[in-house]
Amino acid sequence: GLGRAFLPIVVTTLGGIGPLASRDFLSSLFANSMAAERAAGGSGQLTARRRSDFFRSIMVLLVRKQRLATADLATPLARPAPPPPPKPSSGRKRKANANVAAQHAASL
């Protein structure tokens, strides 16, 4: 295989992220940055801030999409009704139209 596995990431409407393996994976994305910052004599606060901003952006995205979905469900009647389907024409109209077209073609 390619060394890949399926990892579900579940984000709840209350801001929870799970399962634990998913949270650990997302946090691990910042491990190298944290190690480099601390090795350089830093406290790790910059990386912690970036990690916090990352998780905050996930929550903002969730809230925005949830608001849009909720608004869409709450106002189905606010949408304009689709136009009615065209009425089928009667056979007489089609025949009359064909006669007019034939007369026009004959006069050319």
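Residue numbering note: each chain is counted from 1, following its sequence as written. Totals for whole chains, interfaces and linings use every residue, but because this is a predicted model, local features are given only for residues with pLDDT of at least 70 and side-chain atom pairs only at 80 or more, for both listing and counting. With hydrogens and water stripped out, all remaining heavy atoms of the structure feed into the side-chain values.

### Quick word on the overall build of the protein chain
(1) Moving on: Where helices and strands are cited, they refer to DSSP runs of H or I of at least four residues and of E of at least two residues respectively, numbered from the N terminus. Along the backbone of the protein chain there are four helices and two strands.
(2) Moving on: Start at the N end of the protein chain and walk to the C end: the helices and strands fall as β-β-α-α-α-α.
(3) Moving on: Only protein chains enter the calculation, and the probe is 1.4 Å; a residue is then buried if its accessible area is under 20% of its type maximum, exposed if over 50%, and partly exposed in between. A burial count over the protein chain gives 10% of its 108 residues as buried.
(4) Moving on: To be clear on the numbers: accessible area is Shrake-Rupley with a 1.4 Å probe, and residue cover counts the displayed protein chains and nothing else. Split by element, the accessible area of the protein chain, about 9200 Å² in all, is 63% carbon and sulfur.

### Here we look at the pattern of salt bridges
(1) Moving on: The term salt bridge refers to a pairing of a side-chain nitrogen on Lys or Arg with a carboxyl oxygen on Asp or Glu at a separation within 4 Å. Considering all chains together, one arrives at two salt bridges under this definition.
(2) Moving on: The partner of Arg49 in a salt bridge is Asp53, with the nearest N and O atoms 3.4 Å apart. Taken together, the residues span about one helical turn, with Arg49 and Asp53 both in helix H3 (residues 45–74) at a distance of four residues.
(3) Moving on: Residue classification places Arg49 among the exposed positions, given a relative accessible area of 55%.
(4) Moving on: The salt bridge involving Asp53 is made with Arg56; its shortest N-O contact spans 2.5 Å. On the criterion of helical spacing, the pair formed by Asp53 and Arg56 is a turn pair, its members being three residues apart in helix H3.

### Concerning unusual backbone geometry
(1) Moving on: A cis amide bond, omega -5°, links Gly18 with the succeeding residue Pro19.
(2) Moving on: By the element assignment, Pro19 lies in the loop between strand E2 (17–18) and helix H1 (20–28).

### Describing a nonpolar patch on the surface
(1) Moving on: Judged by side-chain polarity, Leu7, Ile9, Phe25 and Leu29 come together as a nonpolar surface patch covering roughly 340 Å² of accessible area.
(2) Moving on: In this structure, Ile9 sits in the segment before strand E1 (10–11). Residues form patches when they are more than 30% accessible in relative terms and have no salt bridge. Like charges link within 9 Å. Nonpolar side chains (Val, Leu, Ile, Met, Phe, Trp, Tyr) link within 5 Å.

### Thoughts on the confidence of the model for the protein chain
(1) Moving on: Looking at any residue, its pLDDT shows the predictor's confidence there, from 0 to 100. Per-residue pLDDT for the protein chain averages 80, and the proportion of residues at 70 or more is 80%.
(2) Moving on: Mean pLDDT across the elements of the protein chain ranges from a minimum in helix H4 (residues 91–107), with 69, to a maximum in helix H2 (residues 31–39), with 94.

### Observations regarding the side chain of Glu37
(1) Moving on: Examined against the element boundaries, Glu37 turns out to sit in helix H2.
(2) Moving on: A residue counts as positive if it is Lys or Arg and as negative if it is Asp or Glu; His and the chain ends are not included. Of the side chains with opposite charge, Arg50 lies nearest to the buried Glu37, which makes no salt bridge, at 4.6 Å.
(3) Moving on: Side-chain atoms alone can form a polar contact between residues adjacent in sequence; in general such a contact is a pair of N or O atoms within 3.5 Å, and within protein one must be able to donate a hydrogen while the other accepts it. A distance of 3.2 Å separates a polar side-chain atom of Glu37 from the backbone nitrogen of Gly44.
(4) Moving on: Polar contacts involving the side chain of Glu37 include one to the side chain of Thr47, which spans 2.6 Å.
(5) Moving on: In this description, contact between two residues means that some pair of their heavy atoms is separated by no more than 4.5 Å. What Glu37 contacts, discounting residues up to four positions off in sequence, is Gly42, Ser43, Gly44, Gln45, Leu46 and Thr47.

### Some remarks on the packing of aromatic side chains
(1) Moving on: When two rings of Phe, Tyr or Trp (its six-membered ring) have centres within 6.5 Å they constitute a pair, described as stacked for plane angles under 30 degrees, edge-to-face for angles over 60, and tilted for the intermediate range. Scanning the model with the defined rule gives two aromatic pairs in all.
(2) Moving on: Plain terms: the ring middles of Phe54 and Phe55 are 5.5 Å apart, the flat faces sit at 75° to each other, and that makes the pair edge-to-face.
(3) Moving on: Take Phe54: its relative accessible area is 26%, and that puts it in the partly exposed class.
(4) Moving on: Connected via pairs of aromatic rings, a cluster forms that spans Phe30, Phe54 and Phe55.

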